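Chain residues, written in single-letter form:
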Amino acid sequence: DQQVKQNSPSLSVQEGRISILNCDYTNSMFDYFLWYKKYPAEGPTFLISISSIKDKNEDGRFTVFLNKSAKHLSLHIVPSQPGDSAVYFCAADYMGRRALTFGSGTRLQVQP
Amino acid sequence: ETGVTQSPTHLIKTRGQQVTLRCSSQSGHNTVSWYQQALGQGPQFIFQYYREEENGRGNFPPRFSGLQFPNYSSELNVNALELDDSALYLCASSSGGNSYEQYFGPGTRLTVT
C-alpha cells in the first residue's frame, strides 16, 4: 500500500517557465512533508518542507503548497532552470519520528 | 561543516554472504536513519538510531541490523544476503529537537549476485 504517491514519473518544461510537481498521500497521520531533489550518483538533497499547520511555504524559487482536505501537496519551481533537472521525491512523516515515507519520484527535465 | 559520508561507494557480494555498510553523520546530528532504495523507487525506511539505541524500524526482516556509536556514526549489517537486497543504501542524519529535516549521504550501491 503506497501511502505517498507521485503519479507523474516524468515532467518536461522550458527554461524560465513554472514546474509543478504533485504528490498525494493517504495516511491522515502525516503532519510533516518534505521535498528532496536527487541527482544521479548522489544522495537526496533536502529542498523545502511544510508542516500540516501551514498551507504554503516559500523559499526562493521553491514554493510548497499543502491541501490537507485533498491530501495533496505540490512543489512549484519558478523560474525553472536547466540545473533543476533531477528526480524529485516527496516524503512524509508524523509525530516527529524522522522515519520518512517517500513517493516513487518525478523526473524533471528543464529544456534550455 | 562536514556532511554525511558513507562507505564503501560500491560493493558486490554473493547471495548468502554478510555485509556491513558504514555512515558518518553530519556534525552535531545525533539521529541516524537508514533507507533502502531499489531501482526506480523511492527510498524505504529500514530503521533509525538515536543515542546508540534503535528508535524505530520499518518493514524489514531481522537480518537487517544496525549499530550506532558514541560519536553518532552508524553501521548497517545485512546477513544472509538475497538477490533482492541489491539496492542503493542511504544513510541520513538529523539533529533532533524541532528540526525534522534529514540530510542524506551519497549512498552505497550494493549488488548481490
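Reading guide: rules and limits
Residues numbered from 1 in each chain as written. Chains lettered and ligands numbered in written order. Predicted model: local features only at pLDDT ≥ 70, side-chain atom pairs only at ≥ 80, totals over all residues. Heavy atoms only, no water. Helix = DSSP H or I, 4+ residues; strand = E, 2+ residues; numbered from the N terminus. Rg over C-alpha atoms; globule rule 2.2 N^0.38 Å. Contact = heavy atoms within 4.5 Å. Areas by Shrake-Rupley, 256 points an atom, 1.4 Å probe, with all protein chains shown as cover. Lys, Arg positive; Asp, Glu negative; His and termini not counted. Charge placed at Lys NZ, Arg CZ, Asp CG, Glu CD.

## A look at the overall build of chain B
So, point 1. Within chain B, the secondary structure is distributed over zero helices and eleven strands.
So, point 2. Reading the secondary structure of chain B in the N-to-C direction produces β-β-β-β-β-β-β-β-β-β-β.
So, point 3. Taken over C-alpha atoms, the radius of gyration comes to 13 Å for chain B, in line with the 13 Å a tight globule of 113 residues would show.
So, point 4. Counting only C-alpha atoms, chain B reaches 40 × 25 × 25 Å along its principal axes.
So, point 5. When contacts within chain B are restricted to residue pairs at least 6 apart in sequence, long-range pairs at least 24 apart make up 52% of them.
So, point 6. Surface accessibility of chain B: about 5400 Å² in total, with carbon and sulfur atoms responsible for 46%.
So, point 7. When the 7 basic and 9 acidic side-chain charges of chain B are each reduced to a single mean position, those positions are 8 Å apart.

## Description of the environment of Val19 of chain B
Residues and elements named next belong to chain B.
So, point 1. Inspection of the secondary structure assignment puts Val19 in strand S3 (residues 19-24).
So, point 2. Once the C-alpha coordinates of Val19 and Glu52 are considered, the two residues, 33 residues apart in sequence, prove to be 20 Å apart.
So, point 3. Beyond its immediate chain neighbours, meaning those up to four positions away, Val19 contacts Leu11, Lys13, Leu76, Asn77, Val78, Leu81 and Leu110.

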